[in-house]
Structure formats: structure tokens, C-alpha cells
Amino acid sequence: MFADIARLLIETAAAIFGAALLLRLYMNWAGMPSRNPLAQFVLALTDWVVRPLRRLLPAAGRFDSASLVAVLILALVTLALTDLVLTGLVYWDRALIRTPFTVLRWSLNLVFWLTIIHVVLSWVNPHAPIAPAISMLLRPFLAPFQRIIPLVGGFDLSPLALIVLVNVLLLVVNRSGF
């Protein structure tokens, strides 16, 4: 039971920090202004890891290679720690193979939760300071659905379609054995 609790804590902390690193990578690529409250939060949370890596791996235009390397290292260390807690050994070959799938899982979960937050904010407080940032980040994901799915009674059902697609993709990734 201790091993399961430790695994849960490791995986939860890593998924949250991994999502922040992925969000930093995506916000940089999307060109989000750093004065946005969401951007400020993510930068403050991840600067201690990304800034030293940026000395070795400078950004190439809008692509933040330091954030990508940081999230890959985090996924690898998380998988190694999980193996260590559960079995007492680290299977580096398995961890290396599973690292990209873990990052993909974190990315899909990030899109899922951004969509949920977007929907809740649109109902509760569409003028919240982070609402425009989340809308900007989700626009490329929601736009294809918005072109296909018409408004129903004034309601945009494209977030629901995106959530279903993300859950299907998560199911495929989780069942792939990695």
C-alpha cells in the first residue's frame, strides 16, 4: 500500500509540473504575451528548471527546446522513480521507451483540463483574467469542431466533441501498453 501511495504522489506531482512545462512550451509557440496572469504563473512555476537549460539549449524562434527537454527529463525521472518504488529496480530501457508516451498522456490531459476550465469560465465568469488566454490556447483545437458542429440553441458543443476525442486518444495511448 505504501508503494501505491508513493506512486500516486510521484505521478500526480510529475503530471502537474509536466503540464506546466508543456503549457510553457505551447504558450511560447502560440506567442502568448508574458504579461498574462496564466503566463506569469507558468513562468514562475517553471523558470527554475527551464532557465538553466536555456543556456545550453537556446530557443529556436517560437520553439522552446529547453521546455521540451525539461518535460522529457521529468517524464524519464518519473518513470524511473515509479519503477524504483514498485519493484526496487529501475528499468531504463522501458523508461526510455515509455517517456514519449508519458509526455503525450500529459499533453492530452492538459488539453482536457484546459477545455474543462474554458467551459466552466464561459458559464461562470467569461471576463476572468485568464479566460482570454485559455481561449487563445484552445482555439486551434476547437476551430475544426466549430466548423463542423453548429450551435445548438446558442450553445457551442465543440468543447464536448474535443473532450470526447481527447478521451478516445487517452484510451488508445493507455491501452497501447506504454
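It should be noted that the structure appears before, not after, this text.
This one's a predicted model, so the numbers in the text were calculated from it and none came from an experiment. (Residues numbered from 1 in each chain as written. Predicted model: local features only at pLDDT ≥ 70, side-chain atom pairs only at ≥ 80, totals over all residues. Heavy atoms only, no water.)

Colleague: Help me understand the overall build of the protein in this model?
Modeller: Looking only at helices and strands, the protein features 6 helices and 0 strands. Along the protein, from the amino end to the carboxyl end, the secondary structure elements read α-α-α-α-α-α. By principal-axis analysis of the C-alpha atoms, the protein measures approximately 55 × 40 × 25 Å. For the protein, the residues scored as buried account for 39% of the 178 residues in total. Across the protein, every contact between residues at least 6 apart in sequence was considered, and the portion connecting residues at least 24 apart equals 63%. With the model as given, the accessible surface of the protein reaches about 10600 Å², and the carbon-plus-sulfur share is 73%. (Helix = DSSP H or I, 4+ residues; strand = E, 2+ residues; numbered from the N terminus. Buried < 20%, exposed > 50% of the residue type's maximum accessible area, 1.4 Å probe, protein only. Contact = heavy atoms within 4.5 Å. Areas by Shrake-Rupley, 256 points an atom, 1.4 Å probe, with all protein chains shown as cover.)

Colleague: Looking at this model, I keep getting lost on the environment of glycine 177. Mind explaining?
Modeller: Among the structural elements, glycine 177 can be located in the segment after α6 (158-175). Each C-alpha atom, one on glycine 177 and one on arginine 98, is 9.0 Å from the other, the two residues being 79 residues apart in sequence.

Colleague: Can you walk me through the pattern of salt bridges in this structure?
Modeller: Between side chains of opposite charge, a pair can form when the charged atoms approach closely. One pass over the full model with this rule turns up 8 salt bridges. Between arginine 24 and aspartate 47 there is a salt bridge, and its shortest N-O distance comes to 2.9 Å. Residue arginine 24 is located in helix α1 (residues 2-30), and its partner aspartate 47 is located in helix α2 (residues 37-56); the two are separated by 23 residues in the primary sequence. Residues joined by salt bridges that share partners form a network here, namely Arg24, Asp47, Arg51, Arg54 and Asp64. (Salt bridge = Lys/Arg side-chain N within 4 Å of Asp/Glu carboxyl O.)

Colleague: I tried to follow helix α4 (residues 92-124) on my own but got confused; where do I start?
Modeller: Side chains of residues three or four places apart in an α-helix project in the same direction, reflecting 3.6 residues per turn. Relative to the 48 Å expected for 33 residues at 1.5 Å per residue, α4 spans 46 Å between its end C-alpha atoms, a close match to the ideal helical length. Of all the bends in α4, the largest measures some 40 degrees and sits at arginine 98, one to four residues before the proline proline 100. (Expected span 1.5 Å × (residues − 1). Bend = angle between axes of the 7 residues up to and from the residue.)

Colleague: Help me understand the environment of aspartate 64, please; the structure alone is not making it clear to me.
Modeller: Mapping aspartate 64 onto the fold places it in the loop between α2 and α3 (65-87). Aspartate 64 sits 49 residues away from tryptophan 113 along the chain, and the two C-alpha atoms are 22 Å apart. What aspartate 64 contacts, discounting residues up to four positions off in sequence, is Arg24, Leu25, Asn28, Val50, Arg54 and Ala59.

Colleague: Hey, could you run me through the layout of surface pockets in this one?
Modeller: Taking a probe equal in size to a water molecule and rolling it over the atoms shows the remaining empty space. Its volume calculated, the largest pocket comes out at about 360 Å³. When contributions to the lining of the largest pocket are tallied by element, the ones reaching two or more residues are α1, α2 and α4. Considering every element that reaches the lining of the largest pocket, the biggest residue donor is α4, with 6 residues. For the lining of the largest pocket, the per-class residue count stands at 16 nonpolar, 1 polar and no charged. (1 Å grid on protein atoms, 1.4 Å probe; cavity = no way out; pocket = protein on both sides within 12 Å on 5 of 7 lines; lining within 4 Å. Points joined across faces, edges and corners; volume = space filled by probe spheres on them. Nonpolar A, V, L, I, M, F, W, Y, C, P; charged D, E, K, R; others polar.)

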